[in-house]
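Residues per chain are reported as follows:
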Amino acid sequence: MVDYHASNNQSAGGVQTYMEQENDWDRDLLLDPAWEKQQRKTFTAWCNSHLRKAGTQIENIEEDFRDGLKLMLLLEVISGERLPKPERGKMRVHKINNVNKALDFIASKGVKLVSIGAEEIVDGNAKMTLGMIWTIILRFAIQDISVEETSAKEGLLLWCQRKTAPYKNVNVQNFHISWKDGLAFNALIHRHRPDLIDYDSLRKDDPVTNLNNAFEVAEKHLDIPKMLDAEDIVNTARPDEKAIMTYVSSFYHAFSGAQKAETAANRICKVLAVNQENEQMMEDYEKLASDLLEWIRRTIPWLENRTQEKTVKDLQAKQEDFRDYRTVHKPPKVQEKCQLEISFNTLQTKLRLSNRPAFMPSEGRMVSDINTAWHTLEGAEKGYEEWILSEIRRLERLEHLAEKFHQKAAIHESWTDGKEAMLTQKDYETSTLSEVKALLRKHEAFESDLAAHQDRVEQIAAIAQELNELDYYDAASVNTRCQKICEQWDILGSLTHSRKESLERTEKQLESIDELYLEYAKRAAPFNNWMEGAMEDLQDMFIVHNIEEIQGLISAHEQFKSTLPEANKEREAIQAIQAEVQRIAQSNGIKLSGANPYTTITPQSIDSKWEKAMAMVPQRDTALQDELNKQNSNDTLRATFAAQANSVGAYIQAKMEEIGRISIEMNGTLEDQLTNLKDYQKTIMSYMPEINKLEGHHQHIQEALIFDNQYTSYTMEHLRVGWEQLLTTIARTINEVENQILTRDAKGISQEQLFEYRASFNHFDKDHSGGLKAEEFKACLISLGYDVENDKQGDGEFNRIMGIVDPNGSGFVTFQAFIDFMSRETTDTDTADQVIASFKILAGDKNFITADELRRELPPDQAEYCIARMAPYAGPDGVPGALDYMSFSTALYGESDL
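Model, not experiment: these values are computed from the prediction.

*Asks:* Is there a simple way to explain the overall build of the protein chain in this structure?
*Replies:* From N to C terminus, the protein chain includes 33 helices and 4 strands. Put simply, the protein chain has 898 residues, and 46% of those count as buried. Within the protein chain, contacts between residues separated by at least 24 positions form 74% of all contacts whose residues are at least 6 apart in sequence.

Now the structure itself:
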């Protein structure tokens, strides 16, 4: 007789209750031939379903277990444990010892065997052998079945009832009569594998066909051996309950494995879906970062191009292109940069919430790399703008110098025209003494004139040298013309010296000289040169950049006009000399031979030049007054720009301080905070017309070539950077609140907890910097109940926490890192071990998994995702095509590399 009593390590509750119901083995029932036949057949098939895993089987249940060897092997297979080494002898004592080892193992599992001894098994007692096998089936196949905390038998019955409830003509109430028509067996199979059974074609009045169909399908497709014949059940008034329970338990175990696989597959699908979404965000970040960096890479060489233009007009075209870049091409890139930072922060938050390792972009695509490249771009912008302005000044200076050079060169060339011919003529060889003396005096006057022109030649050479130093584009023609003038000047000097020597050789022959002509010539030549210089100055171009410079020119011009009366007296004195010559000639009856022999400057030419110079004075007055009006207009532009710039600068500064306070003092729910921040962002954006208005003033400033502004300390570049920083700051603050909402929803943190965390964080953020230093963070943790006091244990715990919230060791803890830590401390997440356990179920407890198993258990896209990323399995128990799911799972959580 078999008896099951609860032991100290036995399962409690429903299992114990059920086993107590089986305490008495009904010996009379075993004598029923029909039942005994069913038990023999069922128990034999059940044992063989496990023994064939070890490569053997039994034919006769009471004979094949007599030596204890296959009995011990059966227990090892179904328990997964090793039994003591069996004895291989043929004697009875060896067989008894082996059976006792098997019975002792059964007893160690919390089952008491009453009236079943090793001798009865060795002697081949059929009913005792069947009772022992039933005990093994109960313990290892049925005992662990529990549905809603019921006993094993009730749990198995409840499972059958639930699975067959939707099927017509099936009403499972027990493990004997309810199964005779075979429909319950077919319903169980159809519920789990509808592809194997055409349930609607079955008839309740054909039990043999129904039973055979279920048994054959189970044996062929579910690996459940055929344990009974249909006739054994149909031809028995009440089928054996133990045989039916044993058969049904095989169906339970076959289908419960599929249910576990489905659960495991669902877990893996969830984990892989999160990973795929994160990878897509990583790919999007990489692409956006690459595109932005490529744009910066292409733009910087353009901004660093210093190819010089020939004219101011050409350079102004470049300035217009740069203005288009600033107002059209760059603003979208500023938005892309801001969006890139927001995407990066959102991705990192999602990775933390899903217990994944932090995202490390490809080399050179970190946010810091993009900021560095952006800083380089802005440096290139500033340098390019400064270069354009300096080039405009340089080209204006070059154009002014070039015009001045050609003007002076033309005057000089006009003066030198015919001088070589004059100096090379031999007129003194046929002249009278008086004529020679006149020629000598004329030559002395020429030398005086020549010396007076020396300054102009030096000025021409100096201007040419400056044009070369400033890299004037037409320097070659300037140099050619200057060289020609200098060479001609040297020739004139040499010819003058030669002619003087010739005249001095004949000087002794010269006795008379017309002193008046000589005095006229000597005074007329400097005066004529002075007039030509004055005319040059009156026609001289000028470039000024402020009122002070033009007022300086006006003052100089007024000073020049103050010298005109004295100059006019000199002109009248020179004309008086010529009048005196005429008077003496007339009074002495001298017939003049013609023009003054000592100079070519006639009184008419002096008067003509004087009239021209006097006509130029009011023209100069008008030009200077026009320039003064222009500078006054420019000063108005400066004041207009300064007023707008000072207003915009103060606005940006106030809003930067205001957003700093808002980020610390935010109240209400996170959604309210987000709404308020977005409304605040709209308010900020509504100020954009003032920025555009300032840009318009700045464009007028640049078009007027104004390079300084004493009315404001702000520059357009400074205000652009401040405006971009303001927009970026409000965007980052909004992103921080969005990430807090994401953290709250993902981690299940209540609004009250977030308020508590925010209040604690703000309380210890004394300087309102948006972060806590190490000591401030420790005080905050202590206020929340963490044991991080200043002792060895507290310091160790605090260092552990700092390693989580400040992995880079900056000594500064942000509010987002603080929230992530608190949410991690109060919630649970998936782990690598859970994912490994799920894959192990799908793999049938193997240390590896195959591609076919993944495709069978997972959706197609996620199965292919795993196959593409799993490394080949290298263990000794592997098969061709085996994949390593363990390293794949740990890599998902950053514990190893894929």
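*Asks:* Hey, could you run me through the nonpolar core in this one?
*Replies:* Grouped burial of nonpolar side chains is what soluble globular proteins tend to show. Ranked by size, the top nonpolar core spans 75 residues in total, and within it Ile 136, Trp 179 and Ile 189 carry the most contacts. In terms of residues, this core owes the most to one element, helix α8 (residues 126-142), which gives 11 residues. Not counting the four nearest positions on each side in its chain, Ile 136 is found in contact with Trp 46, Leu 71, Leu 75, Ile 78, Ile 106 and Ala 141. Counting residues in hydrophobic clusters, the runner-up holds 48 residues, among them Phe 641, Val 737, Leu 772 and Ile 801.

*Asks:* Which parts of the structure should I look at to understand the packing of aromatic side chains?
*Replies:* Two aromatic rings, taken as a pair, are described by how far apart their centres are and by the angle between their planes. Across all of its chains, the model carries 29 aromatic pairs by this definition. On the basis of an interplanar angle of 5° and a centroid distance of 6.0 Å, the ring pair of Trp 415 and Phe 446 is categorised as stacked. Here Trp 415, found in helix α15 (residues 367-416), pairs with Phe 446, found in helix α17 (residues 433-469); they are 31 residues apart in sequence, far enough to count as distant. On the accessibility criterion, Trp 415 (10% relative accessible area) is buried. The exposure class of Phe 446 is buried, given its relative accessible area of 8%. A cation over an aromatic ring shows up here: Lys 778 above the ring of Phe 798, its NZ or CZ 4.9 Å from the ring centre.

*Asks:* Can you walk me through the packing of helix α30 (residues 832-842) against helix α33 (residues 885-892) in this structure?
*Replies:* For any two helices packed against each other, the geometry comes down to the angle between their axes and how far apart the axes lie. Across the interface, α30 lies against α33 with an axial gap of 8 Å and an inter-helix angle of 150°. Relative to α33, the element α30 lies roughly antiparallel. Every pair of crossing elements has a handedness; the one defined by α30 and α33 is right-handed. In this structure, α30 uses Ala 832, Val 835, Ile 836, Phe 839 and Lys 840 to contact α33, whose residues at the interface are Tyr 885, Met 886, Phe 888, Ser 889 and Thr 890.

*Asks:* Quick question: what am I supposed to make of the UniProt feature "coiled-coil region" (unreviewed entry) in the protein chain here?
*Replies:* Mapped onto the present numbering, the UniProt feature "coiled-coil region" (unreviewed entry) falls on residues 436-470. In the segment residues 436-470, helix accounts for 97% and strand for 0%; the C-alpha atoms at its two ends are 50 Å apart.

*Asks:* For this particular structure, what's the right way to read the packing of helix α9 (residues 152-164) against helix α10 (residues 183-192)?
*Replies:* Closest axis-to-axis distance for the α9/α10 pair is 9 Å, and the angle between their directions is 70°. Here α10 runs roughly perpendicular to α9, going by the angle between their axes. The way α9 lies across α10 gives a crossing that is left-handed. In this structure, α9 uses Trp 159, Cys 160, Arg 162, Lys 163 and Thr 164 to contact α10, whose residues at the interface are Ala 184, Ala 187, Leu 188, Arg 191 and His 192.

*Asks:* Explain the side chain of Gln 575 here, please?
*Replies:* By the secondary structure assignment, Gln 575 is in helix α21 (residues 564-588). On the accessibility criterion, Gln 575 (16% relative accessible area) is buried. Look past the residues within four positions of Gln 575 in its chain and what remains in contact with it is Pro 603 and Asp 607.

*Asks:* Got a minute to help me understand the environment of Gln 710 in this structure?
*Replies:* With respect to the helices, strands and loops of the structure, Gln 710 is situated in the loop between α24 (688-703) and α25 (716-747). Measuring from C-alpha to C-alpha, the distance between Gln 710 and Ala 642 comes to 8.7 Å, with 68 residues separating the pair along the chain. Apart from the residues within four sequence positions on either side, Gln 710 is in contact with Asp 635 and Arg 638.

*Asks:* Honestly, the pattern of salt bridges in this entry has me stumped. Any pointers?
*Replies:* Scanning all chains against the criterion turns up 50 salt bridges. For Arg 203, the salt bridge identified is with Asp 205, shortest N-O distance 3.1 Å. Judged by its relative accessible area of 60%, Asp 205 falls in the exposed class. When the shortest N-O distance is used, the salt bridge between Lys 778 and Asp 795 registers 3.6 Å. Taken as a pair, Lys 778 in helix α27 (residues 774-783) and Asp 795 in helix α28 (residues 792-805) lie far apart in primary sequence, 17 residues in all. For Lys 778, a relative accessible area of 8% puts it in the buried group. On the basis of relative accessibility, which here comes to 33%, the residue Asp 795 falls in the partly exposed class. Overlapping salt bridges, with partners in common, bring together Arg 326, Lys 330, Glu 378, Glu 381, Glu 385, Glu 695, Glu 717, Arg 720 and Glu 724 in one network.

*Asks:* What's the story with α28 in this structure? I'm lost.
*Replies:* One turn of the α-helix equals 3.6 residues, which is why residues spaced by three or four share an orientation. Between its first and last C-alpha atoms α28 spans 20 Å; for 14 residues at 1.5 Å apiece the expected length is 20 Å, and the two agree. Along α28, the positions that sit buried rather than exposed are Gly 794, Phe 798, Ile 801, Met 802 and Val 805. Projection of α28 onto a plane perpendicular to its axis shows the buried side chains occupying an angular sector of 105°, all on one side. Summarising the geometry of α28, the exposed residues directed more than 90 degrees from the buried face are Lys 792, Gln 793 and Asn 799.

*Asks:* What should I look at first to understand the environment of Lys 313 in this one?
*Replies:* Structurally, the position occupied by Lys 313 is in helix α14 (residues 312-353). A C-alpha to C-alpha distance of 9.7 Å links Lys 313 and Leu 395, two positions 82 residues apart in sequence.

*Asks:* Quick question: what am I supposed to make of the confidence of the model for the protein chain here?
*Replies:* For residues with low pLDDT, the predicted coordinates do not support detailed interpretation. Summing up the model confidence of the protein chain, the mean pLDDT is 81 and the portion of residues at 70 or higher is 90%. Here residues 1-31 scores under 50 on pLDDT; set against residues more than four positions off or in separate chains, the count is 71 contacts. The low-confidence segment residues 509-513 (pLDDT under 50) makes 17 contacts with residues lying over four places distant or belonging to another chain.

*Asks:* Hey, could you run me through unusual backbone geometry in this one?
*Replies:* Trans is the prevailing form of peptide bonds, just as negative phi is the prevailing case for residues other than glycine. Unlike most non-glycine residues, Asn 169 shows phi in positive territory, near 65°. Within the secondary structure, Asn 169 is located in the loop between α9 and α10. The exposure class of Asn 169 is partly exposed, given its relative accessible area of 45%. The residue Asp 845 is not glycine, and still its phi comes out positive at about 70°.

*Asks:* How do you make sense of the environment of Tyr 472 when you look at a structure like this?
*Replies:* In this fold, Tyr 472 is placed in the loop between α17 and α18 (475-505). Along the primary structure Tyr 472 and Leu 395 are separated by 77 residues, whereas in three dimensions their C-alpha atoms are 8.2 Å apart. Those residues in contact with Tyr 472 that sit more than four places away from it in its chain are Leu 398, Ala 402, Leu 467 and Val 478.

About the cut-offs
Residues numbered from 1 in each chain as written. Predicted model: local features only at pLDDT ≥ 70, side-chain atom pairs only at ≥ 80, totals over all residues. Heavy atoms only, no water. Helix = DSSP H or I, 4+ residues; strand = E, 2+ residues; numbered from the N terminus. Buried < 20%, exposed > 50% of the residue type's maximum accessible area, 1.4 Å probe, protein only. Contact = heavy atoms within 4.5 Å. Core = buried A, V, L, I, M, F, W, Y, C linked by side-chain atoms within 4.5 Å. Phe/Tyr/Trp six-rings, centres within 6.5 Å; stacked < 30°, edge-to-face > 60°. Lys NZ or Arg CZ within 6 Å of the ring centre and 35° of its normal. Axes fitted to C-alpha atoms, helices over the stretch in contact; angles between N-to-C directions. Parallel < 35°, antiparallel > 145°, perpendicular 65-115°, else oblique. Left-handed = near helix turned anticlockwise from the far one by under 90°. UniProt positions renumbered as here; feature names shortened; annotations may be inferred. Salt bridge = Lys/Arg side-chain N within 4 Å of Asp/Glu carboxyl O. Expected span 1.5 Å × (residues − 1). Arc of directions from axis to C-beta. pLDDT = per-residue confidence, 0-100.

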